Amino acid sequence: MNRESTTLLQGTLDMRVLKSLVASELHGLGISRRIQQITGGTFLVKPGSLFPALHRMEEEGWVSSFWGDSENNRRAKYDRLSKCGRKRLEAETKRWGRICWAIAQALETS
Amino acid sequence: MPLFVKARTLLRNLFLSHRVDSDFDREVLSHLELLVEENIRAGMMPNEANRAARIELGGIEQVKERVREARVGNWLHSVISDCRFVLRQLRKNPAFFAVAILTLALGIGASTVVFSVVYNVFFDTFPYKDFDRSVVFEIRNVANVGGWKSRAFFSAEEFRAFREQNHVFEDMIAHEDVSRLFYNDGKFTRLLPSGAMVTTNTFAYLGVPPLLGRTFSEEDGRPGSPPVFVMNYRLWQREFGSDRKILGKSFILRGRPTTLIGIMPPRFNAFNASLWMPESLDRGGGSLMGRLMPGISVRAAGAELDAIAHRLQKSNPGGIFPEKFTIVPETLHDSSIGGLKKTLYALLAAVFLLLLIACSNVANLLLSRAIVREREMATRAALGATRSRLIGQLLVESFALATAAAAAGCLLAYFGLQAVVALIPRGALPGETIIRMNAPVFLLTLGVAFLTTILCGLAPALHVFRGDVQPRLTASTKHAGGHFRHGKLRGRLVVGEVALSMVLLIVAGLLMRSFLVLTRVDLGFDPKNVLYFRLALPDAYDFDFADPASIAKARLWKNSLTRRLLDRMKEFPGIVSAAECIQEPPLRYDWSDLIIPGRPHIERWETRHESVSEDYFQTLGLPLRRGRFFSQDDMTRARYVAVVNEAFSRQYFPNQDPIGHRVKLQVLDRTFLDAPHDAYFEIVGITGDYKTRDYENSRWHKFPEVFIPYSVQGFSWRTFMARTSIDPRLVLKSMGEEVRAIEPGIAVGTSGTLEESLHEFYRGPQFELVSLTAFASIGLVLVVIGVFSVMAYTVSQQTHEIGIRMAMGAQQKHVLLSVLINGFRLVAAGILTGFAASLAFTRFLSSQISGVSPTDPWTFTAVATLIALVGLAGCYIPARRATRVNPMIALRYE
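On a predicted model such as this, the values are computed, not experimentally measured, just so you know.

Caption draft 1: Structural detail: the overall build of chain A. The number of helices and strands found in chain A is 5 helices and 3 strands. Starting at the N terminus, the α and β elements of chain A follow one another as α-α-β-α-α-β-β-α. With 110 residues in all, chain A has 41% of them scored as buried. Restricting to contacts in chain A with at least 6 residues of sequence separation, those with at least 24 account for 48%. If you sum the accessible surface of chain A, you get close to 6500 Å²; carbon and sulfur atoms cover 54% of it.

Caption draft 2: A look at the sheet that holds strand β3 (residues 75–81) of chain A. Taken in spatial order, the 3 strands make up an open sheet running β1-β3-β2 (chain A), and their pairing is antiparallel. Where the open sheet ends on each side, the last strands, each with one partner, are β1 (26–27) and β2 (63–69) of chain A.

Caption draft 3: Molecular detail of helix α4 (residues 60–70) of chain B. For α4 of chain B, the set of buried residues is Val 63, Lys 64, Glu 65 and Val 67 of chain B. Against α4 (47–60) of chain A together with α2 (17–41), α3 (46–57) and α14 (387–423) of chain B lie the buried residues of α4 of chain B.

Caption draft 4: Just the pairing of strand β3 (residues 169–178) of chain B, in detail. Sheet topology note: the β3 of chain B/strand β12 (residues 287–292) of chain B ladder contains 6 bridges and is antiparallel. In the sheet register, Met 172 of chain B faces β12 of chain B, and the bridge partner there is Gly 290 of chain B.

Caption draft 5: Fine view of the interface of chain A and chain B. Taken together, the contact between chain A and chain B spans 22 residues of the former and 25 residues of the latter. Counting each side, the surface lost to burial between chain A and chain B is near 2400 Å², with a carbon and sulfur contribution of 57%. For the interface between chain A and chain B, the tally reads 6 salt bridges. For Glu 33 of chain B, the salt bridge identified is with Arg 74 of chain A, shortest N-O distance 3.6 Å. If you look at where chain A meets chain B, you find 5 residue pairs in polar contact (both at pLDDT 80 or more). The biggest single contributor to the side of chain A that touches chain B is α4 of chain A, with 8 residues.

Caption draft 6: Region of the structure containing a nonpolar patch on the surface. Residues and elements named next belong to chain A. Residues Trp 96, Ile 99, Ile 103 and Leu 107 make up a contiguous nonpolar surface patch of roughly 370 Å² in combined accessible area. By secondary structure assignment, the location of Leu 107 is in helix α5 (residues 83–109). Judged by relative accessible area, which is 63%, Leu 107 ranks as exposed.

Caption draft 7: The nonpolar core, seen in detail. Residues and elements named next belong to chain B. With 95 residues, the main nonpolar core has Tyr 616, Phe 617, Leu 772, Phe 775 and Ile 867 as its most contacted residues. In terms of residue count, the dominant contributor to this core is helix α24 (residues 754–797) (18 residues). For Phe 617, the residues in contact, after removing those within four places along its chain, are Val 612, Leu 622, Phe 629, Phe 630, Val 643, Thr 687 and Phe 707. Membership of the second largest hydrophobic core comes to 25 residues, among which are Leu 366, Leu 390, Leu 394 and Ala 402.

Caption draft 8: Broad picture of a positive patch on the surface. Residues and elements named next belong to chain B. Among the surface-exposed residues, Arg 84, Arg 88, Arg 91 and Lys 92 lie close enough to one another that they form a single positively charged patch. Here Lys 92 shows up in helix α5 (residues 74–92). Using a relative accessible area of 69% as the deciding quantity, one classes Lys 92 as exposed.

Caption draft 9: Looking closely at the sheet that holds strand β14 (residues 530–536) of chain B. All names here are of chain B. The 4 strands lie next to each other as β15-β23-β14-β24, forming an open sheet whose pairing is antiparallel. At either end of the open sheet lies a strand with only one pairing partner, and these are β15 (575–581) and β24 (747–753). With direction set aside, neighbouring strand axes in the sheet form an average angle of 20°. One ladder, built from 6 bridges, connects β15 with strand β23 (residues 719–724); its direction is antiparallel. In the sheet register, Ile 575 faces β23, and the bridge partner there is Thr 724. Across the face of the sheet, helix α19 (residues 548–571) comes into contact with β14, β15 and β23 while running at roughly 160° to β15. On the sheet, helix α23 (residues 728–742) packs against β14, β15, β23 and β24 and is oriented at approximately 25° with respect to β14.

Conventions we followed
Residues numbered from 1 in each chain as written. Chains lettered and ligands numbered in written order. Predicted model: local features only at pLDDT ≥ 70, side-chain atom pairs only at ≥ 80, totals over all residues. Heavy atoms only, no water. Helix = DSSP H or I, 4+ residues; strand = E, 2+ residues; numbered from the N terminus. Buried < 20%, exposed > 50% of the residue type's maximum accessible area, 1.4 Å probe, protein only. Contact = heavy atoms within 4.5 Å. Areas by Shrake-Rupley, 256 points an atom, 1.4 Å probe, with all protein chains shown as cover. Pairing = 2+ DSSP bridges. Buried area = accessible area lost by both parts, 1.4 Å probe. Salt bridge = Lys/Arg side-chain N within 4 Å of Asp/Glu carboxyl O. Polar contact = N/O pair within 3.5 Å; in protein donor to acceptor, adjacent residues only side chain to side chain. Patch = residues over 30% accessible without salt bridge, like charges linked within 9 Å, V, L, I, M, F, W, Y side chains within 5 Å. Core = buried A, V, L, I, M, F, W, Y, C linked by side-chain atoms within 4.5 Å. Lys, Arg positive; Asp, Glu negative; His and termini not counted. Charge placed at Lys NZ, Arg CZ, Asp CG, Glu CD. Axes fitted to C-alpha atoms, helices over the stretch in contact; angles between N-to-C directions.

Given below as structure tokens:
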């Protein structure tokens, strides 16, 4: 993915992280891999952006973190979606849907 | 809920930051391990897996920093850690901070003091309404004859004409001093400090409401209405203990029961009066004041009054207008602080220079440090500090520095202001000007200091981001190759500083020389152990100008009073000789046109004149050159004889013996004087010159002067003097009793000793001298600091070079000399610049100094030498440090 489109979609990072946590709690690498998987490898979230985002969202109260064991019995920090985070995700999804619809309309009519 | 979470997070971030940090360290570490594991599972070799994982993670420290930046309360956290850092730096480097704080504090303190004085004197002089539009005026005699040169006293008729006919003033008031204010408190009659008779519109004009009671209404001035008065705060406090109950009571003033109707607030002292009495607008006269209508110039107002006065002269040729005259207006402001204006401007310029020196010094210190810290900044940037983070850190540092300096400056300003208030000559400022710390001024000065500190403090951060970080990291800061620009700037600042300080020192030096000349002058008389006092005579001694009989009677009374008092004083223990005169030396105001029979002349002949008793010359210690002094017989018979001084003899009898010639003083012919008209005085003796001066001009002069016996005329203004063998102040204390013993109704007015009054004259120049010397000394200290800091920095940068030179065999003295020469080059450039600036600047000083040329070579040489020595001293310590460089250590240092 080139630099231009990443910048374009920077604002959606929060939404993608929250979305990846809907099914289950995950550690950082897990989140990164889940996003990669969901988007078919389009988005690659590097730790340099992921960690600040996760910590910000934790401070906002959208996710909560705890130490757990990974599938290979390693200690890892897991994040879980909170009630607040779920609401936030719904709102973000709706907003994003409206934007997509509006852009699609605009492209079709012109 | 989110609010609660946020607050909890904030607290945790602030107070458990260690735990939060170590938790995050573990998180990053586990992330790395997971990545490595994933790569190994994908079939990589372990070290390859490790490398790939690290590449994917990116810079660990940068990631950490980005997370820290994103935390709640991050800015607060960084401010706190920056503060801690500043404290650590301070502990490591106390000399740097002490010098910077001291420098700034001196600058802030001195400028606040002077700006406060200037603000209060120029913009807040009086408590009166629109005082900047108030104008006072006098009539000046422009003809070559007629005795007096100017008068600021106007008759009731003139005041009425001015007030009713002018179109330039909103309103006009008149006031007249009441000097003989006798107050009978039921037991004794006492003399109160002088009051004023004011027109009833005065208080409305000045626009200051009373503290208690009321001020005058038009009713109070009408003839026949009960007499009332308003008291000033100081009299109320001193004489009546701030008793509110005295309002409405009746006081016996000048023999008349008068009701107190109001008391004025502390900051109201119009016309320096202790109390004010009303006069109707029809009958009021004296000194006049008018408030200009908006937009009318002072000159236009003068022209209008001039026209009215000339009309008045035509319709009333018998009045007391001279042949040719003009009305000279002056703003109230100029007339009351005119004398101090120049001094204040000089101080303002001086303190401005000082502030410049202080700021450039601090700039210098900070810029030097900036270069040393460039590497530190580059390291921080490489470790992930953002630009805003670096700037923030430097801001906190500069802010801490500026705040400490501001606090110290505030203290200095407070005490400095008290010192200045004590130093300002009494009478130089109107009594209502209050000198106090001026908040806007203080803030302005603080602003300048903060701005300097912060701009210069930010230099390192700006520098780092201007170029690439990499070369700064690898290059040693000790090779200051790339910082030529900075070096030049610092050098220029030092040169400028030395030059400014040179100007200050030269001005102070000139004032000092001039002050010495002024105070060491041989006055020609001996002011030691001479006391003087004036008499306040009751109204009974007044006379009517129109009635010759009353003049004769008053003169007889006065002369008998003088005779009795002088005789009594001469017998008083401790008094060696006693005399009477009009005005005690060294002040002189009175001029008279002079006529010498048989000696026609075209130019104006003028002389000072004085009426004295027989022992005047002995009392002042004046020498007799020829002929004789007055005898007691001359006095009792009121003979028309005169003694002249040498200056008179030189000027009007150049190659002749004046003794036996007769002279006439034109001033005695004036209609309103109680003096013999058309009287010729025979010169009987010549006395030595003594130096005199007037209030306006600070220089000493020897004027031609004629002395005549006091008994020929009867001016009411009389001064008694006595030479004592003991401390004159002890004798002065008993004089009140002696005077009352002669006649109970008389009191002692102004009194003092000649030495004290001479000291008063020196207070003005002394004030200038002390304050400028203080500024010049502060400037000198700052120069030492400036030269020292720059040289110390240069030496520390050259350690490597010096090490190599010494390893190659350079002697210690060569190293010492080269550093000294380097530093001295800056000082010498500064001295040359300062020399040129002083030559240009001191010309404006010529009116302030006397007896010394404004380009006095001694002062210039002395100051240049002083600065050179001080500059060398500033270079010496760094130079010594340079000689102690151990070549081995210096070379290994890299």
